[in-house]
Amino acid sequence: MPWVEALDDVASLRRCVRDLVALSTLPAIWKDYGPQQIADSVAAALVSMLDADFIHITLPSRRDEATIEVTHVGKKIAPASAGAIRTALRKPRIGRSEQTAIMANPVGGGHLRIATAPIGFGGDAVFVAASSRPDFPTEVQRLLLGIGANDTTVALQRWNTEAEERRFVSLVERSSDFVGVASLDGVTQFINPAGLKLVGLSAIEDVSRLHILDFLIPEHRARAHEECWPIVMRTGRWNGELGFRHFKTGATMFFLVDWFRIDHPRTGKPMNIATVSRDLTEQKRSEFELRHLNETLEHRVSERTAELAEANEKLMMEMAERGRADERLQEMQRELFHAARLSTAGQMAAALAHELNQPLTAVANSVHAARLLLTKVEHEKTPVLREILDEASQQAVRGGEIIRRLRNFVTRGEAAKRIENLSTLIEEASALTLTGAGAHGVQVHFRFDPNATKVLADRIQVQQVLINLMRNGLEAMAGMRRRELEVTTAFVDTETIEIAVSDRGPGLPGEIAERLFEPFVSTKRDGMGLGLLICRSIVEAHGGRLWTEPNPGGGTIFRFTLKSGPAIEERHVG
Amino acid sequence: MSAEPTVHVVDDDAGVRRSLERLLDAAGFRTISYESPLAFLQVALGLSSGCVLLDIRMPGMDGLELQARLLALGVSLPVIVMTGQGDVQSAVRAMKAGAVDFIEKPYDDGVLLNAIRVALATVGAPDREHETQEAARRIAALSPREREVLDALLAGRQNKVIAFDLGISVRTVEVHRARMMDRLGTRQLAEAIRLAVMARLAPRRGRAEG
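Residues numbered from 1 in each chain as written. Chains lettered and ligands numbered in written order. Predicted model: local features only at pLDDT ≥ 70, side-chain atom pairs only at ≥ 80, totals over all residues.

## Some points on the overall build of chain A
Here comes step 1: Looking only at helices and strands, one finds 13 helices and 17 strands in chain A.
Here comes step 2: Taking all 574 residues of chain A together, the buried fraction comes to 32%.
Here comes step 3: Sequence-distant contacts, at least 24 apart, represent 59% of the contacts inside chain A between residues at least 6 apart. (Helix = DSSP H or I, 4+ residues; strand = E, 2+ residues; numbered from the N terminus. Buried ≥ 20, exposed ≤ 12 C-beta atoms within 10 Å, placed from the backbone. Contact = placed C-beta atoms within 7 Å.)

In structure tokens form, the structure reads like this:
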């Protein structure tokens, strides 16, 4: 470095100034540099340019970093003495102004003349130059010292700025989030490596061919364009969830997107749109897995619950099955007794109505006969007699009408006839009969004709008939040693089935047998004499007949007919 | 036709029997009554004229069975069957079995006497052609629905059962029934049924005899 002797050596001075200025710009191209190196190079240059014995630089302290101090000594002073000079310099606190100070040379004889220049923004930072030359510092030396201080300030400033930039860049580069910058019209300008990787772009691809919307899944584009983007432009920011599209696989990835507008720091004019977006895929997956885990657990719990319920149900069904046989019998009994109570009155009325028809018919016949005869007789009382007979006739007709209405009324709720299995029907009726008192020790035999299996019947009504007939049989055999009841079925013709109930009782006395079906005639002391009447009414309502005959082996046989099931069906079809 | 037309009454009810004898006597018919079908069967073979008035409901052997026996024996006396009220099924069966008519107990004497006169007039080979043709004509005038209702009544079904079978309301069945009666020109169900049975007999008889 040239040593500048005097002001007139302009060329040297220019060279010196240029070198010092270069110091403030050159470091930028150095690979690694810092305040220390900047101070070092300036100090080295100034020692040479000023022909100074000692240059000391204290750099401004930055935040919590230690103050950097650099000391260079000229040829006259041994480097080991630098510390002593530095210590001596501190004592008078001389570095505040550009005044020249004089102090005793701590490492030799004579005095040291000292020049100082402040660096940058005040504080402790200072340039100190010392020389034993008596003319130190000349104007040129003071100028060079000032230029050196100024350019050091510039260099440090630049370094600080660049350091900020480097931190920012590395922050962006190393971020695992998607960081991007776009122009105001949405054209991508920059995407950080993590961002490129997330959406499946390689680093060499030119992102400027892409628009911000290209990064989104198609179904989110309209919303981003019409809602989010205007919000960013208007308010400066938009936050929300958007689906990103993977450029290679086409997969959808959800991002928590933070879009913001970058404005010019001074003019406030919008410059760019930037984003920091976080990939929610992982988060979503863990949420999904957690939910799935919950669901699996719930599913397993419900499965197990269902198994338990099923097992329980099976158990209940088995229990129910066991009780069913008894229950069926009880249920039938209840059903039958209930129906019997309800219908007995109606059937009584029906049966009685039928019986009443006979005498009414006789009355009508007699009256009509008398009236006919009266037409052949002329007597003064004839008109009155005719009137009397007319009235009698009208009353007979009225009686008939009452019976007709009664019949219509009681037959209204009549008979839901179905095709029933005859043997089942008889066996059930038998079971019900034998559950009653007085059935102990009775033998019941069944003989079922295989050609007579189905009947068209109201089960409950026909069972009532069977029970009635079987009870009659049992009662007839009361107190006898041999108590046998036989129930048989027989095919009569394609439409008719006959059922017979035979007992081994004493048989019916002649006078009773004749009047058996008249109302209120009974062989039983406490009987009402309506049972058989009702039975016959039921059988006739089924299109059948009920009659009795003596049992050749002793006792009585009651026979009745019913229509056979399949034959009825055929007839309907034909 | 016999000079002394005889009505053979078969009824197990003594009261009805006696009163019928008196009525028919008063109306000018010769009447013989029988207390059981068997009693009548014993004399039936020797009969060549008159008609039978038969109660359908008797112990031992009912009227239908007696009808069948008479037919089997070749006794061709016209038979009028007396049925109980509303015993439509029996009436239909009796008509099918060859009865010339049926009447419901208790009956109007005019109806009974008229039926007997008609029966006596058809002694021998009962020629029903005109009657059955007329019945068939009237039945044919019914609407399909009315026809269905009549068929159901013929099968002895009640209004509510008919309603269920046809998928219509009981009220509608009543309306069809009333219109059907109007068209047939009768007010009595028995008459309607008689017409229906006659109409059914029409082609069968026509073929058998023609």
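Moving on, there is more to tell.
## Quick word on the interface of chain B and chain A
Here comes step 1: Across the contact, 19 residues belong to chain B and 23 residues belong to chain A.
Here comes step 2: Top contributing element to the side of chain B that touches chain A by residue count: helix H1 (residues 14-26) of chain B, with 7 residues.
Here comes step 3: Split by residue class, the side of chain B that touches chain A holds 7 nonpolar, 7 polar and 5 charged. (Nonpolar A, V, L, I, M, F, W, Y, C, P; charged D, E, K, R; others polar.)

## As for the sheet that holds strand S3 (residues 101-104) of chain A
Residues and elements named next belong to chain A.
Here comes step 1: Read from one edge to the other, the open sheet built from 5 strands follows the order S2-S1-S5-S4-S3, with strand pairing classed as antiparallel. Pairing within the sheet leaves two strands with one partner each, and these edge strands are strand S2 (69-73) and S3. For this sheet, the mean angle separating the axes of adjacent strands, direction not counted, is 20°.
Here comes step 2: Note: S3 against strand S4 (residues 111-118), 4 bridges, orientation antiparallel. (Pairing = 2+ DSSP bridges. Axes fitted to C-alpha atoms, helices over the stretch in contact; angles between N-to-C directions.)

## A closer look at helix H9 (residues 422-434) of chain A
Here comes step 1: Relative to the 18 Å expected for 13 residues at 1.5 Å per residue, H9 of chain A spans 18 Å between its end C-alpha atoms, a close match to the ideal helical length.
Here comes step 2: When we look at burial in H9 of chain A, the residues that qualify are Leu 422, Leu 425, Ile 426, Glu 428, Ala 429, Ser 430, Leu 432 and Thr 433 of chain A. (Expected span 1.5 Å × (residues − 1).)

## Overview of the nonpolar core
Here comes step 1: Ranked by size, the top nonpolar core spans 62 residues in total, and within it Cys 51, Leu 54, Ile 80, Val 81 and Ile 116 of chain B carry the most contacts.
Here comes step 2: Looking at this core, the element that brings in the most residues is helix H10 (residues 189-209) of chain B, giving 7 residues.
Here comes step 3: Setting aside residues up to four positions removed in sequence, Ile 116 of chain B forms contacts with Val 7, Phe 29, Cys 51 and Ile 80 of chain B.
Here comes step 4: Counting 41 residues, the second-largest nonpolar core is a separate cluster that includes Val 465, Ala 476, Ile 499 and Val 501 of chain A. (Core = buried A, V, L, I, M, F, W, Y, C linked by C-beta atoms within 7 Å.)

## Focus: the environment of Ala 490 of chain A
Residue and element names in this part refer to chain A.
Here comes step 1: Mapped onto the elements, Ala 490 comes out in strand S14 (residues 484-493).
Here comes step 2: Separated by 38 residues in sequence, Ala 490 and Ala 452 have C-alpha atoms that sit 6.0 Å apart.
Here comes step 3: In contact with Ala 490, other than residues within four places in its own chain, are Asp 449, Ala 452 and Glu 498.

## With respect to the sheet that holds strand S10 (residues 270-279) of chain A
Residues and elements named next belong to chain A.
Here comes step 1: Here 5 strands make up an open sheet; going across it, the order is S7-S6-S10-S9-S8 and the pairing antiparallel. Whereas interior strands pair on both sides, the edge strands pair on one side only; in this sheet they are strand S7 (188-191) and strand S8 (237-245). Within the sheet, the average angular offset between the axes of one strand and its neighbour, ignoring direction, is 25°.
Here comes step 2: With 3 bridges connecting them, strand S6 (residues 178-183) and S7 associate as antiparallel partners. Looking across to S7, one finds that Val 181 is bridged to Phe 190.
Here comes step 3: Contacts from helix H6 (residues 218-235) reach S8, strand S9 (252-263) and S10 within the one sheet, and its direction differs from that of S8 by about 155°.

## Quick notes on the confidence of the model for chain B
Here comes step 1: When pLDDT is averaged along chain B, the result is 80, and 87% of the positions lie at 70 or above.
Here comes step 2: In this model residues 204-210 of chain B is a low-confidence stretch, pLDDT under 50, and it forms 3 contacts with partners more than four residues away in sequence or in other chains. (pLDDT = per-residue confidence, 0-100.)

## Notes on the pairing of strand S1 (residues 6-10) of chain B
All names here are of chain B.
Here comes step 1: For S1, the buried fraction is high: 4 of the 5 residues fall into the buried class.
Here comes step 2: Two strands pair when backbone bridges link them, and S1 and strand S2 (residues 30-34) are joined in this way by 5 bridges, in the parallel orientation. Its bridge partner being in S2, Val 10 is matched across the sheet by Tyr 34.
Here comes step 3: The β-α-β motif built from S1, the intervening H1 and the parallel element S2 has right-handed crossover chirality.
Here comes step 4: In terms of strand pairing, S1 meets strand S3 (residues 51-55) through 4 bridges, oriented parallel. Bridging across to S3, Val 10 finds its partner in Leu 54. (Right-handed = clockwise from strand over helix to strand, strands pointing away.)

## Regarding the pairing of S8 of chain A
All names here are of chain A.
Here comes step 1: Taken together, the 9 bridges between S8 and S9 define a ladder with antiparallel strand orientation. When the bridges of S9 are listed, Leu 242 appears paired with Phe 255.
Here comes step 2: As consecutive antiparallel partners, S8 and S9 are separated by 6 residues, and within that stretch Gly 250 has a phi angle of approximately 80°, a positive value.

## Looking at helix H5 (residues 109-121) of chain B
All names here are of chain B.
Here comes step 1: For H5, spanning 13 residues, the distance from its first C-alpha to its last is 18 Å, which sits close to the expected 18 Å at 1.5 Å a residue.
Here comes step 2: What H5 keeps buried is the set Asp 109, Leu 112, Ala 115, Ile 116, Ala 119 and Leu 120. When H5 is viewed along its axis, its buried side chains cluster within an angular range of 130° and face the same direction. (Arc of directions from axis to C-beta.)

## Re the confidence of the model for chain A
Residues and elements named next belong to chain A.
Here comes step 1: Averaged over chain A, the pLDDT score is 79; the fraction of residues at 70 or greater is 82%.
Here comes step 2: Ranking the elements of chain A by mean pLDDT puts helix H13 (residues 565-573) last, at 48, and strand S15 (residues 496-503) first, at 93.
Here comes step 3: The low-confidence segment residues 567-574, where pLDDT is below 50, has 4 contacts with residues more than four positions distant or belonging to other chains.

## Some thoughts on unusual backbone geometry
Residue and element names in this part refer to chain A.
Here comes step 1: In this chain, Phe 136 is followed by Pro 137 through a cis amide linkage whose omega measures -10°.
Here comes step 2: Relative to the assigned elements, Pro 137 resides in the loop between strand S5 (126-131) and helix H4 (139-174).
Here comes step 3: A positive phi angle is found at Asp 51, which is not glycine, with a value near 50°.
Here comes step 4: Following the sequence through the fold, Asp 51 ends up in the loop between helix H2 (35-50) and strand S1 (54-58).
Here comes step 5: Note on Asp 51: 19 C-beta atoms within 10 Å, which makes it partly exposed.

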